[in-house]
Amino acid sequence: METIYNQLYHTYVCPAMSQTDREHREIIEDFINRLALTQDKQMIAYDLITYIRYQWGLASFTYGVRMGMELLYAPDRAPGDYPTLLDFLTKLDEPVS
């Protein structure tokens, strides 16, 4: 099941990153082609690398959205009252208030 973050990521981030995506795919393909792997293992390695890259991108996007929402909906806080990034990351599964 896709979350709202998946939908936002696919709608806004992926189209904006199309040039970077092409460049990354070329780098990944060049790297994998240099490995002494069978065709099947090359495909597995390619799938794994691109999956990890996708998950990392989605997680980074999600953290940014959540932190932005936290900052946007708490404008009355003094700068010292904002949570640090490490405090914020521990609360990612909590609803945004």
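Placed above this text is the structure.
Residues numbered from 1 in each chain as written. Predicted model: local features only at pLDDT ≥ 70, side-chain atom pairs only at ≥ 80, totals over all residues. Heavy atoms only, no water.

Draft legend 1. Just the pattern of salt bridges, in detail. Applying the stated criterion across every chain yields a total of two salt bridges. Among the ionic pairs, Arg25 bridges to Asp21, the shortest N-O distance being 3.0 Å. With Arg25 and Asp21 both in helix α2 (residues 18-34) and four residues apart, this pair spans about one turn of that helix. Arg25 gets classed as partly exposed once you look at its relative accessible area, which sits at 34%. Close ionic contact of Arg53 with Asp21 constitutes a salt bridge, the shortest N to O distance being 2.6 Å. (Salt bridge = Lys/Arg side-chain N within 4 Å of Asp/Glu carboxyl O. Helix = DSSP H or I, 4+ residues; strand = E, 2+ residues; numbered from the N terminus. Buried < 20%, exposed > 50% of the residue type's maximum accessible area, 1.4 Å probe, protein only.)

Draft legend 2. Inspection of helix α3 (residues 39-72) at higher detail. An ideal rise of 1.5 Å per residue puts 50 Å on 34 residues; α3 measures up with 49 Å between its terminal C-alpha atoms. Listing the buried residues of α3 in full gives Gln42, Ala45, Tyr46, Thr50, Gly57, Leu58, Phe61, Thr62 and Arg66. (Expected span 1.5 Å × (residues − 1).)

Draft legend 3. The arrangement of the side chain of Thr50 in detail. Of note, Thr50 is situated in helix α3. Sequence-distant contacts of Thr50, that is, excluding residues within four places in its chain, are made with Arg25 and Ile28. (Contact = heavy atoms within 4.5 Å.)

Draft legend 4. How the structure looks around the nonpolar core. Judged by nonpolar contacts, Tyr5, Tyr9, Val13, Leu58 and Phe61 together constitute the single largest core of five residues. Of all the secondary structure elements, the ones that give two or more residues to this core are α1 (4-16) and α3. At three residues, the largest contribution of residues to this core is made by α1. When sequence neighbours within four positions are dropped, the list of residues in contact with Phe61 reads Tyr5, Leu8, Tyr9 and Val13. (Core = buried A, V, L, I, M, F, W, Y, C linked by side-chain atoms within 4.5 Å.)

Draft legend 5. The arrangement of the packing of α2 against α3 in detail. One way to put it is that α2 packs onto α3 with a least axis distance of 10 Å and a crossing angle of 145°. The interaxial crossing formed by α2 with α3 has right-handed handedness. On the side of α2, the interface is formed by Asp21, His24, Arg25, Ile28, Glu29, Phe31, Ile32 and Asn33, while α3 contributes Gln42, Ala45, Tyr46, Ile49, Thr50 and Arg53. When its residues are assigned to classes, the contact of α2 with α3 shows six nonpolar, four polar and four charged. (Axes fitted to C-alpha atoms, helices over the stretch in contact; angles between N-to-C directions. Left-handed = near helix turned anticlockwise from the far one by under 90°. Nonpolar A, V, L, I, M, F, W, Y, C, P; charged D, E, K, R; others polar.)

Draft legend 6. Molecular detail of the environment of Ile28. In this fold, Ile28 is placed in helix α2. For the pair Ile28 and Ala45, spaced 17 residues apart in sequence, the C-alpha to C-alpha distance is 9.3 Å. Discounting residues that sit within four places of it in the chain, Ile28 has contacts with Tyr46, Ile49, Thr50 and Arg53.

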